[in-house]
Amino acid sequence: MKKMHSVNLAGMLFHITEDAFEMLESYLEAVKKQFPGNERNEILQEIETRIAELFSEKINSRKQVINLQDVEEVIGTLGEPEAYGSSEEKNTREEERKMTHNKRLYRDPENRVLGGVCGGLGWYFNADPVLFRILFIIVFLVFGTGLLVYLILWLITPQATSITQKMEMKGESFTFSDFKKKARTEYEDIRQNFKRKKKE
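On a predicted model such as this, the values are computed, not experimentally measured, just so you know. (Residues numbered from 1 in each chain as written. Predicted model: local features only at pLDDT ≥ 70, side-chain atom pairs only at ≥ 80, totals over all residues. Heavy atoms only, no water.)

A. The side chain of arginine 107, seen in detail. As for its placement among the helices and strands, arginine 107 is situated in the loop between helix H4 (88–97) and helix H5 (117–125). Within polar-contact distance, the side chain of arginine 107 engages the backbone oxygen of glycine 115 at 3.1 Å. Ignoring sequence-local partners within four residues, the contact set of arginine 107 consists of Gly115, Gly116, Val117, Trp154, Thr157, Pro158, Gln159, Ala160 and Met169. (Helix = DSSP H or I, 4+ residues; strand = E, 2+ residues; numbered from the N terminus. Polar contact = N/O pair within 3.5 Å; in protein donor to acceptor, adjacent residues only side chain to side chain. Contact = heavy atoms within 4.5 Å.)

B. Representation of the confidence of the model for the protein within the structure. Here the protein averages 79 in pLDDT, and 73% of its residues register 70 or above. pLDDT under 50 marks residues 84–100. Its contacts with residues more than four places away, or in other chains, come to 33 contacts. (pLDDT = per-residue confidence, 0-100.)

C. Here's a closer look at unusual backbone geometry. A positive phi is found at alanine 10, a non-glycine position, where the angle reads about 55 degrees. Residue alanine 10 is classed as partly exposed on the basis of its relative accessible area, which comes to 44%. The phi dihedral of asparagine 126 falls on the positive side, at around 50 degrees, and the residue is not glycine. Counting through the fold element by element, asparagine 126 comes out in the loop between H5 and helix H6 (129–142). (Buried < 20%, exposed > 50% of the residue type's maximum accessible area, 1.4 Å probe, protein only.)

And the structure:
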């Protein structure tokens with residue numbers, strides 16, 4: 001009988017076997033070493049959230065415990081942090097490991113006029129958000145229901161706040177390398193905005 005651990009990832013509790021727990025712990029430690037102190041906590045939180053999502057897909061009424069194989073599959077999806085470098089061979093492995101994440105509908109906070117619904121629809125259908133704004137206006141003027149439909153979508157569609165959600169909204173691939181680039185870009189954008197506001 002294997003010893004069990006309880007792990008809290010992104011507010012979700014998982015029961016995990018000891019060998020799987022040790023592998024997960026080693027993986028997260030390796031992730032920590034890839035980032036400088038300033039951005040480490042936020043990035044680690046995003047990665048833990050993604051791991052929790054993948055773990056939750058493996059849990060059902062018949063299976064309540066995360067095992068070693070589950071952890072290996074999750075790491076296989078995200079990629080080993082140490083495996084990424086500048087060499088051509090590592091880039092090839094990265095491309096082989098890369099998976100395209102299915103798009104999910106979110107409200108886009110960075111491209112919004114009201115609630116970001118049209119921005120999210122634009123990403124989901126690969127279309128200009130302006131087209132959806134015009135469509136809602138036409139439906140509102142002709143049928144009188146455009147505003148109601150928009151409000152319902154605003155209420156039921158979550159906003160893309162985390163890096164993971166923004167990547168899912170855009171249908172971007174999700175490997176450790178992709179995530180690392182995205183996280184560093186966002187961190188740099190926040191730093192530049194802060195400097196600009198400080199000057200102002």
